[in-house]
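Structural overview
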Amino acid sequence: MKSRNWKGLGTLRPKLCIFTSCLFKIQIVKLLSIVGARPQFIKLAPLLQAIDRYNLHASASLEHVTLHTGQHYDNNMSDIFFEELEMPHAEVNLGVGSGPHGKQTGKMLEGIEEILQREKPDWLIIFGDTNSTVAGALAAAKLHIPVAHIEAGLRSFNRKMPEEINRVVSDHISDILLAPTPTAVKNLEVEGLAKKTVLTGDIMYDTVLRNVELSRKKSDVLSRESLADQSYYIATMHRAENTDDPTRLGAIMNCFNEMADRHHPVVFPMHPRTKHRIEQLLPDWTPHKNLKILAPVGYLDMLQLVSSARIALTDSGGLQKEVFFMNRPCVTMRDETEWVETVSSGGNVITGADPEAIRQAVSNWEEKLKEGEVDFTQQIHENFGKGDAAEHILNAILN
């Protein structure tokens, strides 16, 4: 295959050479990745880089197709990530869009099945815990196509979360489980899935290491929004448990106002879902003058906003890790987290939507910041690897 125009390609030592038994002709192994949401685009980037490195040095050849379900369809939530990370756009886009879980997943199943029958990949690769993930796993399993699940073994142990259902189902029907942390490995062992589990490290750490410096060079979000380093908090919120409950939603939005009034300005890139829910459920709510609401921002802008913030407040799964990887304090406004390592390592505090717990967590972080910079580097390496997860993932699939 023609190599993509990636910068800084290293060397991936191939561990598998595939030949026909008699004629020794090079065989092409075809991989198909399914993505649909912002975190999945980000995780795909280092895998594509690893594939290109493999093809530079291997006797076998890997072909790759990206299928975008269209779960995130807004440009600021989708196309911009491909452009910023200099990734080729998806070869296939189903354009499913939003909708109720059943309708959305059903449309994905129908579209994915058609593409799998046409492309006939040797392996299907899925990421994380979205409806795109479980739809891909189900479609491939019914067509007897092997499935590799990147970020397998995460558990919040809260079955009310649709993401938890997606994770469990995807893990149990996948053929190889690519676990990012030792905790994820243990979760899979408990469920009887040890034989198909491989510890790989976290592919998102690969992405952060590669792109945080790029964000400082290419992103102008701080000057554009008149923000100084370490002078503001960064906030995000989009999960249904917070946005669909008017009590939780109101408590968190009022807490953002309070933080902006008492401490530092709060920068809040607002998810379209959250904007819609606030308009529906909190028609009388108004933002404090120091609560700076932005439209969704690109990946490099978000990395720059996080790395320059004092504290992050979020209910995102992926952002908890990105904050941790960039050595910034985090307050997670959920009742549990899949990323327990960020909590046990001292970088993340779980508060739920309780205003008093959020206030206390922010105050405690402010006290620690007065004592100097926080540094979680050792804990990152112990729990998430050293930024070479994509190579481990690709070798695990090929072996």
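I will try to describe carefully the structure that is included in this document. (Residues numbered from 1 in each chain as written. Predicted model: local features only at pLDDT ≥ 70, side-chain atom pairs only at ≥ 80, totals over all residues. Heavy atoms only, no water.)

On to empty space enclosed by the protein. In this structure the tally under the stated criterion is one cavity of 30 Å³ or more. Its volume calculated, the largest cavity comes out at about 30 Å³. Along the walls of the largest cavity sit Ile150, Glu151, Leu178, Pro180, Thr200, Gly201, Asp202, Ile203 and Ile393, which together make up its complete lining. Residues that form the lining of the largest cavity fall into these classes: five nonpolar, two polar and two charged. (1 Å grid on protein atoms, 1.4 Å probe; cavity = no way out; pocket = protein on both sides within 12 Å on 5 of 7 lines; lining within 4 Å. Points joined across faces, edges and corners; volume = space filled by probe spheres on them. Nonpolar A, V, L, I, M, F, W, Y, C, P; charged D, E, K, R; others polar.)

Our next topic: helix 10 (residues 246-262). Turn by turn, an α-helix covers 3.6 residues, leaving residues three or four places apart pointing in a common direction. With 17 residues, helix 10 should cover 24 Å at 1.5 Å per step; its first-to-last C-alpha distance of 24 Å lies within 8% of that length. Counting buried residues in helix 10 gives twelve out of 17 residues, a clear majority hidden from the surface. Those residues of helix 10 that fall on the buried side of the exposure criterion are Arg248, Leu249, Gly250, Ala251, Ile252, Met253, Cys255, Phe256, Asn257, Glu258, Met259 and Ala260. (Helix = DSSP H or I, 4+ residues; strand = E, 2+ residues; numbered from the N terminus. Expected span 1.5 Å × (residues − 1). Buried < 20%, exposed > 50% of the residue type's maximum accessible area, 1.4 Å probe, protein only.)

It is worth spelling out the sheet that holds strand 5 (residues 147-150) at this point. On the basis of which strands lie adjacent, the open sheet formed by seven strands has the order 3-2-1-4-5-6-7 and parallel pairing. One side of each edge strand has no neighbouring strand; the edge strands of this open sheet are strand 3 (92-93) and strand 7 (197-199). Of the strand pairs in this sheet, strand 4 (residues 123-127) and strand 5 are connected by four bridges, and their pairing is parallel. For Ile125, the partnering residue across the bridge sits in strand 5 and is Ala148. Along the sheet, helix 1 (residues 38-57) contacts strand 1 (28-35), strand 2 (61-68), strand 4 and strand 5; its crossing angle with strand 2, the most-contacted strand, is approximately 165°. (Pairing = 2+ DSSP bridges. Contact = heavy atoms within 4.5 Å. Axes fitted to C-alpha atoms, helices over the stretch in contact; angles between N-to-C directions.)

Enumeration over the complete set of coordinates arrives at 29 salt bridges. Of the charged contacts, one joins Arg155 and Asp171 as a salt bridge, the two residues approaching to 2.9 Å between their closest N and O atoms. Taken together, the residues span a long stretch of sequence, with Arg155 in the loop between strand 5 and helix 5 (162-173) and Asp171 in helix 5 at a distance of 16 residues. Here Arg155 falls in the buried class, since its relative accessible area comes to 3%. We classify Asp171 as buried; its relative accessible area is 0%. Put simply, Glu279 and Lys275 hold a salt bridge, and the shortest N to O gap is 2.8 Å. (Salt bridge = Lys/Arg side-chain N within 4 Å of Asp/Glu carboxyl O.)

The next point concerns the packing of aromatic side chains. How two aromatic rings sit relative to each other is set out by the distance from centre to centre and by the angle between their planes. Applying the stated rule across the entire model yields seven aromatic pairs. Seen from their ring centres, Tyr205 and Phe325 are 4.7 Å apart, and the 45° between their planes marks the pair as tilted. Taken together, the positions of Tyr205 in helix 7 (residues 203-218) and Phe325 in helix 13 (residues 317-325) put the pair 120 residues apart, joining distant regions of the chain. Here the aromatic rings of Phe325 and Phe384 are separated by 5.1 Å at their centres, their planes lie at 80°, and the arrangement is edge-to-face. Note that Phe325 is positioned in helix 13 and Phe384 in helix 16 (residues 377-384), a separation of 59 residues in sequence. An identical accessibility class is assigned to Phe325 and Phe384; each is buried. The residue whose ring lies beneath Lys368 is Trp365, and the NZ or CZ to ring-centre distance is 5.0 Å. (Phe/Tyr/Trp six-rings, centres within 6.5 Å; stacked < 30°, edge-to-face > 60°. Lys NZ or Arg CZ within 6 Å of the ring centre and 35° of its normal.)

At a minimum axis separation of 10 Å, helix 13 and helix 16 run at an interaxial angle of 130°. Overall, the two elements helix 13 and helix 16 adopt an arrangement that is oblique. Residues Lys321, Phe324 and Phe325 of helix 13 touch helix 16, and the partners they reach there are Gln379, Ile380 and Phe384. Looking at side-chain class alone, the contact of helix 13 with helix 16 contains four nonpolar, one polar and one charged residues. (Parallel < 35°, antiparallel > 145°, perpendicular 65-115°, else oblique.)

Residues Val266 and Phe268 of strand 9 (residues 266-269) are buried on one face, and the alternating residues Val267 and Pro269, pointing to the opposite face, are buried as well. Here two bridges tie strand 8 (residues 233-235) to strand 9, and the two strands are oriented parallel to one another. In the sheet register, Ile234 faces strand 9, and the bridge partner there is Val267. Strand direction decides the pairing type here: strand 9 and strand 10 (residues 291-294), joined by four bridges, are parallel.

A few words on the pairing of strand 5. Taking every second residue as pointing to the same face, both faces of strand 5 are buried, with Val147 and His149 on one and Ala148 and Ile150 on the other. Chirality of the crossover, the property in question, places the unit of strand 4, helix 4 (residues 131-142) and strand 5 among those that are right-handed. Here strand 5 pairs with strand 6 (residues 176-179) via three bridges, running parallel. For His149, the partnering residue across the bridge sits in strand 6 and is Leu177. Chirality of the crossover, the property in question, places the unit of strand 5, helix 5 and strand 6 among those that are right-handed. (Right-handed = clockwise from strand over helix to strand, strands pointing away.)

Read across the sheet, six strands follow the order 10-9-8-11-12-13 without closing on themselves; strand pairing throughout is parallel. In the strand order of this sheet, the two ends are held by strand 10 and strand 13 (348-350), each with one partner. Sheet twist, expressed as the average angle between the axes of neighbouring strands with direction ignored, equals 20°.

Let us look at unusual backbone geometry. Across residues other than glycine, the phi torsion is negative in most instances, and most of the peptide bonds are trans. Residue Phe157 is not a glycine yet carries a positive backbone phi of 60°. If you trace the backbone, Phe157 turns up in the loop between strand 5 and helix 5. The phi dihedral of Asn327 is positive, around 60°, even though this residue is not glycine. Examined against the element boundaries, Asn327 turns out to sit in the loop between helix 13 and strand 12 (330-332). Owing to a relative accessible area of 18%, Asn327 belongs among the buried residues under this scheme.

Attention now moves to the environment of Lys30. Here Lys30 lies in strand 1. Since its relative accessible area comes to 15%, Lys30 is described here as buried. Each C-alpha atom of the pair Lys30 and Asn211 lies 27 Å from the other, and the pair is 181 residues apart in sequence. Leaving out residues up to four positions away in the same chain, Lys30 has contacts with Glu63, Val65, Glu119, Lys120, Pro121, Asp122 and Trp123.

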